[in-house]
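Architecture and fold: a report
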Amino acid sequence: MNVMSVVGARPQFVKAMPVSRALGERHEERLVHTGQHYDEELSDVFFDQLDIPRPAHELGVGSGTHAEQTSAVVARLAPLVDRADPDVLVLYGDTNSTLGGAIVGAKLDVTVAHVEAGLRSGVRSMPEEINRVLTDHASDLLFAPTEAAVENLDREGLGDRCQLVGDVMYDAMLWAREVADQETDVAAEYGVERGEYVLATVHRPRNADDPDRLSAIVDALAAVDGGVVLPVHPRTERALERFGLWEWAAESLTLVDPVGYLEFVALLSGARAVATDSGGVQKEAFFLKRPCVTFRDETEWTETVDAGWNALVGADERAIVDALTDASPPAEQPSPYGDGHAAERIVSQIESTEPATET
């Protein structure tokens, strides 16, 4: 079977790894890198560390508004799909690259498979929420990671396209946690003690582009005991400089360049808690049994909150400090994200689906 996969942002590289490995055992996969994240530490290093096939095509989309990125993906991906005529177009997550790929697949009558389908935050003002909903409705195969995602798709009349497969990020983590600590001692490299520091990430426009919210988050992290390691996303670096917060952040926190996946897993493994606005990092913290504090008022990963492993605090400085001060692992942890074999189920379902035919 001829499969084309589209990736463009850090979490998608991680999600693609187990699926690409499973596909490579029996099928031809052509990987397209949209270039939505074009910083070397946010893209190239993931292909090297995760042993993902090097992209057959790089679209060079780069930064821009949501409309500019999505339209660029559509314009540059469509000719490739038209020429390659894949049996299946595989998309991941909820980025502009995901939505652009869904539009191309639907317009060119290619079977579209959406990995991580059915997630909903209920906040339509989030660009990711729009991307999720539209991608699901344009896709033919919906691979849901959780029971809650299946229920969301059922409510939207998409249950007949849906399969509960588990979470591919859990597949990836089972591999990564075995090798990450052997690869590097990043805690020592950054001058922090294992089990004492907080690992933080901030990148969503809701926080990074709002000076009041970003200032409150930095002030809260600066007040946390044990130190905070913050790999700085390019968007956040520009915002800290634009809002005059860079010097304060650099003085109060351990600011580091974006790190590779294995380094990030090692950092997460050594942290006492995690503070983030990333959906993927919320889950990665859960997988490694690290309490998480989330700079949002909602999450698509409600299972982590329901189980007591994740606290939603928005950008409230006092709430952030209190949650990180009190963060401790609950006594028990459920297993809502599958058994680590999601990629195998996805490939099996793709194999059992007849390719789309022209009408």
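Here the structure is a predicted model, which is why all the values come from computation and not from measurement.

Conventions we followed
- Residues numbered from 1 in each chain as written.
- Predicted model: local features only at pLDDT ≥ 70, side-chain atom pairs only at ≥ 80, totals over all residues.
- Heavy atoms only, no water.
- Helix = DSSP H or I, 4+ residues; strand = E, 2+ residues; numbered from the N terminus.
- Expected span 1.5 Å × (residues − 1).
- Bend = angle between axes of the 7 residues up to and from the residue.
- Buried < 20%, exposed > 50% of the residue type's maximum accessible area, 1.4 Å probe, protein only.
- Contact = heavy atoms within 4.5 Å.
- Core = buried A, V, L, I, M, F, W, Y, C linked by side-chain atoms within 4.5 Å.
- Phe/Tyr/Trp six-rings, centres within 6.5 Å; stacked < 30°, edge-to-face > 60°.
- Lys NZ or Arg CZ within 6 Å of the ring centre and 35° of its normal.
- Pairing = 2+ DSSP bridges.
- Axes fitted to C-alpha atoms, helices over the stretch in contact; angles between N-to-C directions.

Here we look at helix α3 (residues 66-84)
When the terminal C-alpha atoms of α3 are compared, their 27 Å separation across 19 residues agrees well with the 27 Å that a helix rising 1.5 Å per residue should span. Maximum bend of α3: about 30 degrees, positioned at L77, with proline P79 one to four residues after it. Considered for burial, the residues of α3 that qualify are Q69, T70, A72, V73, L77, L80 and V81. Its buried side turned inward, α3 meets β1 (2-7), β2 (28-33), β3 (57-58), β4 (88-92) and α4 (96-107). Following α3 by one or two positions, D85 has its phi on the positive side, about 50 degrees.

Points about the nonpolar core
Membership of the largest hydrophobic core comes to 66 residues, with the highest contact counts inside it found for V90, F143, Y197, L199, Y261 and I346. Those residues within four positions of V90 in sequence are excluded, and the remaining contacts are V3, M4, S5, V6, A113, V115 and I350. Ranked by size, the runner-up nonpolar core spans 27 residues in total, among them A200, V224, V232 and V321.

Focus: the packing of aromatic side chains
Two aromatic rings are characterised by how far apart their centres lie and by the angle between their planes. Inspection of every chain in the model, using the stated rule, returns five aromatic pairs. Between F286 and W309, the ring centres sit 6.2 Å apart and the planes meet at 80 degrees, which makes this aromatic pair edge-to-face. Here F286 is found in helix α14 (residues 279-287), whereas its partner W309 is found in the loop between α15 (302-306) and β13 (310-312), with 23 residues between them in sequence. According to the relative accessible area criterion, F286 is buried, its value standing at 3%. An angle of 85 degrees between the planes, with centres 5.6 Å apart, marks the rings of F286 and Y337 as edge-to-face. Separated by 51 residues along the polypeptide, F286 in helix α14 and Y337 in the loop between α16 (317-326) and α17 (342-351) bring together distant segments of the chain. These aromatic residues form a ring-pair network of at least three members: Y170, F286, F287, W301, W309 and Y337. Its guanidinium or amino end placed over the ring of W175, R21 lies 5.0 Å from that ring's centre, counting from NZ or CZ. For the cation-ring pair, R242 lies above F243, with the distance from its terminal atom to the ring centre recorded as 4.7 Å.

Here we look at the environment of K107
As for its placement among the helices and strands, K107 is situated in helix α4. Distance from K107 to N2, taken between C-alpha atoms, is 19 Å for residues 105 residues apart in sequence.

Some thoughts on the sheet that holds strand β11 (residues 273-276)
In sheet architecture, strand pairing relies on hydrogen bonds along the backbone and comes in two forms, parallel and antiparallel. One open sheet accounts for six strands, arranged β10-β9-β8-β11-β12-β13; its pairing is parallel. At either margin of the open sheet sits one strand with a lone partner, and together these are β10 (254-256) and β13. Each strand axis lies, on average, 20 degrees off the axis of its neighbour in the sheet, ignoring direction. Examined bridge by bridge, strand β12 (residues 292-294) and β13 share three bridges and lie parallel to one another. Across the sheet, residue V293 finds its bridge partner in β13, namely A311. Across the sheet, α14 is in contact with β8 (198-201), β11, β12 and β13; its angle to β11 comes to roughly 170 degrees.

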